[in-house]
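Chains, contacts and geometry: an overview
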Amino acid sequence: MADAVSIFMSIGLSEQKAKETLKNEALSSTLKKAIDQAQGLLGSASIDKTAGTLLYNMVTRLKDLNRLSFLTEYIITRKITSELQLSAALDFIKSHPQKNLDRLEFEAACGVGVMVTPEQIEDAVELIIRKHKDQLLAERYRFNMGILMGEARTALKWADGKMVKNEVDMQVLHFLGPKTEADLEKKPKVYFYFLYNNYKTEGYVVTSNTMNLLKKHLEETGGQVRSRFPPEPNGILHIGHAKAINFNFGFAKANNGICFLRYDDTNPEKEEEKYFTAIKEMVEWLGYKPYAVTHASDHFQLLYDLAVDLIRRGHAYVCHQRGEELKGHNVPPSPWRERPVEESLLLFDRMRKGMFAEGEVTLRMKMVMEDGKMDPVAYRIKYTPHHRTGDTWCIYPTYDYTHCLCDSIENITHSLCTKEFQSRRSSYFWLCNALDLYCPVQWEYGRLNLTYTVVSKRKIIKLVETGIVRDWDDPRLFTLTALRRRGFPSQAINNFCARVGVTVAQTTMEPHLLEACVREALNDTAPRAMAILEPLKVTITNLPTNKEVRVPDFPANEAKGSHVVPFSKTIFIEQSDFREVMEKGYKRLTSDQPVGLRHAGYVISVQRVIKDGCGKVCELEVTCASSDSVEKPKAFIHWVSDPLRCEVRMYERLFLHKNPEDPAEVPAGFLSDINPNSLTVIESALVDRSVGKAKVFEKFQFERVGYFSLDPDSTSEKLVFNRTVTLKEDPGKM
């Protein structure tokens, strides 16, 4: 393993990236082959970082491994030197599956040997600026410079992007002169959309009608930023969704925009009403109010009409290939791809009327995605009633078809999604443009993952079905309902997401980093109380009279309130706060060492140790003295008197290994990795009466024990508390 990591690092990969690559057996094997072939071409010379990066990107995207040595040769001989050329080369290979490639045609398609001189860049940019000079003079630096860059990239396909941008910036400055005070004034709201350079986004397609569509979009929205959070209602949201919620709603809020909650309810087989309810509840629990709650199903008729239009335009066809034939990569082209438009229209209408069996036919779009997937499915047949539309429909649109069209229909400006959807970016832009609709922009960011857990809906269902956890809200899980039940404040989750930030790379964090945010929030918001988990009875033989003790809710700031607890001759302390035999370093109660009682103003000393028939200490008889009249003890302990009996649930990590889904760490699968000590139930804990009227999810700090939250299982006869986190960080526990 170490040798492989070193080999991967030698081509410019970071150590972390090299180790991640090694976990993917197929990818690492292919990369090793490419490196071996490259070294064979270079001899004793090393692979430079630019070539190494291209090799890595090539093997991650290449589906036809018969072309591995072919592309490796072009990269190592410096005929392909940029990501742009590599993308063109991969596209050419996808569209030319025949055995023998025409090298001249290939090289022309990916710009091999094309040299774009500074003079050519200068001339091309000059022509573009001349074309837009009137609008440039009128709008000056408010003009959307992305248009200039887009046209320059089209005209100078193989030119260095930085050189093109520098030339555009220089010629604009020469044409308009330095920015004036008027140029530097805050732009009117209508231009806000342009501030984010959406048109410079990689892959964004500018058609002859793009600007007209954008103009109409701006008229309808006033230039307002509009985002959306689009979950599938087939499970409970988890910690990764919290990042998506914060990013989508937070981005809109930060820019005076709006954010929709849109349910992607296009698969009636897996959707349940409880998921719709829980999703909205969790969004609002995190503190966000959707501008509107919408559903993909709101647009089923319009989506169907657009599909008919797509067929009429020659961009979609009805296909009879079975589902199993469409799985995987390198799927053979459909023999029905070129069927007449009228025939596809007739068959699509028959699909709509329920005249085919499930899986017998689909509607497919004529396009190739970034990952090489050809002609993704737009509609499939499902004879399952929909929770909102009932039996009205028996055909349902797919994500690849629905998502971008719903974004367009709702005038979304920024489609923010996680990195795995980058392979759908081309279909997103292609479909909007194929139907001549307003096209939002898609931005991808890295997912947020946590170690020692699983968040896959399928795997959580397995945990529930096998009885390992109670339900989706079991506090050992990292669904949002589980975190709420455990006592995690929504503020802490939002703070955690803010600290993680938004990056392109996937972020994997340890649970104790989230716990740190929880402690920080609860330290300021959870009032203190005293609770005893393993009680030991103590009788104070000389207490003058029963009394009440006032305990501050927040000892560091007593102005924030207090509560009163009884103090009588019978109190209870933790068993661990007494030892019969004195040990070095032990500062609490022993037969020879007194201890103070927190908040009570007394120091107690042991007079008699009472044991049961098994020799276990079951009671202490002590005397007390005012803490003002005796030497200050080495420690003060907590206690309860006339307490309430309660149940306390103590949680630790559900899984033993950091990556329970990784076969290298857990060969027998995640279900074999369950921590047998992930839940400990203490049925006879004692807590002071100040918490007696607590409400569900109300949080407390039990002094010296940890932070706890009142569980929904609580009744008027018996309170149930979940331990949220310990008082101090312990990376070894949850």
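One numbering rule holds for all chains: residues counted from 1, following each sequence as written. Local features in this predicted model are restricted to residues whose pLDDT is 70 or higher, and side-chain atom pairs enter the listing and the counts only when it is 80 or higher, whereas totals over whole chains, interfaces and linings include all residues. Where side-chain values are given, they derive from all heavy atoms of the structure, hydrogens and water being excluded.

In the annotation of an unreviewed UniProt entry, the protein chain is listed under the name Glutamine--tRNA ligase and assigned to Sinocyclocheilus rhinocerous. UniProt positions are given in the numbering used here, feature names are shortened, and annotations may be inferred rather than shown by experiment. Looking at the protein chain in UniProt, the text filed under Subcellular location (unreviewed entry) is "Cytoplasm, Cytosol". In UniProt, the protein chain has this text filed under Catalytic activity (unreviewed entry): "tRNA(Gln) + L-glutamine + ATP = L-glutaminyl-tRNA(Gln) + AMP + diphosphate".

Scanning the protein chain for helices and strands turns up 24 helices and 28 strands. Buried residues are those whose accessible area, probed at 1.4 Å on protein chains only, stays under 20% of the maximum for their type, while exposed residues exceed 50% and partly exposed ones sit between those limits. Residues counted as buried form 51% of the 734 residues belonging to the protein chain. Note on areas: Shrake-Rupley with a 1.4 Å probe; residue coverage comes only from the protein chains shown. Surface accessibility of the protein chain: about 34900 Å² in total, with carbon and sulfur atoms responsible for 50%. Here Asp and Glu are counted as negative and Lys and Arg as positive; His is not counted, and neither are the chain ends. Think of each charge as sitting on NZ of Lys, CZ of Arg, CG of Asp or CD of Glu. Across the protein chain, 98 positive and 97 negative side-chain charges occur, with their mean positions spaced 2 Å apart. Runs of H or I in DSSP of at least four residues are treated as helices and runs of E of at least two as strands, each being numbered from the N terminus.

What follows concerns the pairing of strand E22 (residues 617-626). Pairing between strands is defined by DSSP: at least two bridges between them are needed. The pairing of strand E14 (residues 535-540) with E22 spans four bridges and is parallel. Counterpart to Lys 537 in the pairing with E22 is Glu 619. Of the pairings in the sheet, the one linking strand E21 (residues 602-611) to E22 comprises nine bridges and is antiparallel in character. Residue pairing for E22: Tyr 602 is matched across the bridge by Ser 626. Here E21 folds back onto E22, and the loop between the two strands holds five residues, one of which, Gly 615, carries a positive phi near 85 degrees.

Right, let's talk about the packing of aromatic side chains for a bit. Pairing of aromatic rings covers Phe, Tyr and the six-membered ring of Trp, with a centre-to-centre limit of 6.5 Å; geometry is then stacked below 30 degrees between planes, edge-to-face above 60, and tilted otherwise. The full count for this structure, using the stated rule, is 24 aromatic pairs. Through a chain of ring-to-ring contacts, three or more aromatic side chains come together here, namely Phe 300, Tyr 304, Phe 348, Tyr 379, Trp 393, Tyr 396 and Tyr 401. Charges are assigned to positions over rings by a cutoff of 6 Å between ring centre and Lys NZ or Arg CZ, combined with an angular limit of 35 degrees from the ring normal. The positively charged end of Lys 179 is found above the aromatic ring belonging to Tyr 141, 5.2 Å away from the centroid. The aromatic ring of Trp 393 is capped on one face by Arg 352, whose charged end is 4.0 Å from the ring centroid.

On to helix H2 (residues 15-23). Among the residues making up H2, those that are buried are Ala 18, Thr 21 and Leu 22. Buried residues of H2 fall within an arc of 100 degrees about the axis and therefore sit on the same side. Exposed residues pointing more than 90 degrees away from the buried face of H2 are listed as Gln 16 and Lys 23. Directions are taken from the helix axis to each C-beta atom, and the arc is the one they span.

Per-residue confidence from the predictor is given as pLDDT, running between 0 and 100. Here the protein chain shows a mean pLDDT of 89. Residues at 70 or above account for 95%. Note on definitions: a residue-residue contact is assigned when non-hydrogen atoms from the two residues lie within 4.5 Å. Counted against residues more than four places away or in other chains, residues 187-197, with its pLDDT under 50, gives 31 contacts.

Turning next to the domain arrangement of the protein chain. The domain boundaries assigned to the protein chain delineate domain 1 (1-110), domain 2 (118-183), domain 3 (198-445) and domain 4 (533-638). Domain extents, as shown, originate in an automatic or database domain assignment. Put simply, the middle of domain 1 and the middle of domain 2, counted by C-alpha atoms, are 35 Å apart.

Of note, Glu 271 is situated in the loop between strand E2 (258-263) and helix H16 (273-285). Any carboxyl oxygen of Asp or Glu within 4 Å of a side-chain nitrogen of Lys or Arg constitutes a salt bridge here. The buried charged residue Glu 271 lacks any salt bridge, with Arg 380 as its nearest oppositely charged partner at 7.2 Å. Here a polar contact means two N or O atoms within 3.5 Å. Within protein one must be a hydrogen donor candidate and the other an acceptor candidate, and residues neighboring in sequence count only if both atoms are side-chain atoms. Among the polar contacts listed, one links the side chain of Glu 271 to the backbone nitrogen of Thr 266, at a separation of 3.1 Å. A polar contact of 2.8 Å, which involves the side chain of Glu 271, links it to the backbone nitrogen of Asn 267. Contact partners of Glu 271, with chain neighbours within four places excluded, come to Pro 233, Asp 264, Asp 265, Thr 266, Phe 276, His 386 and His 387.

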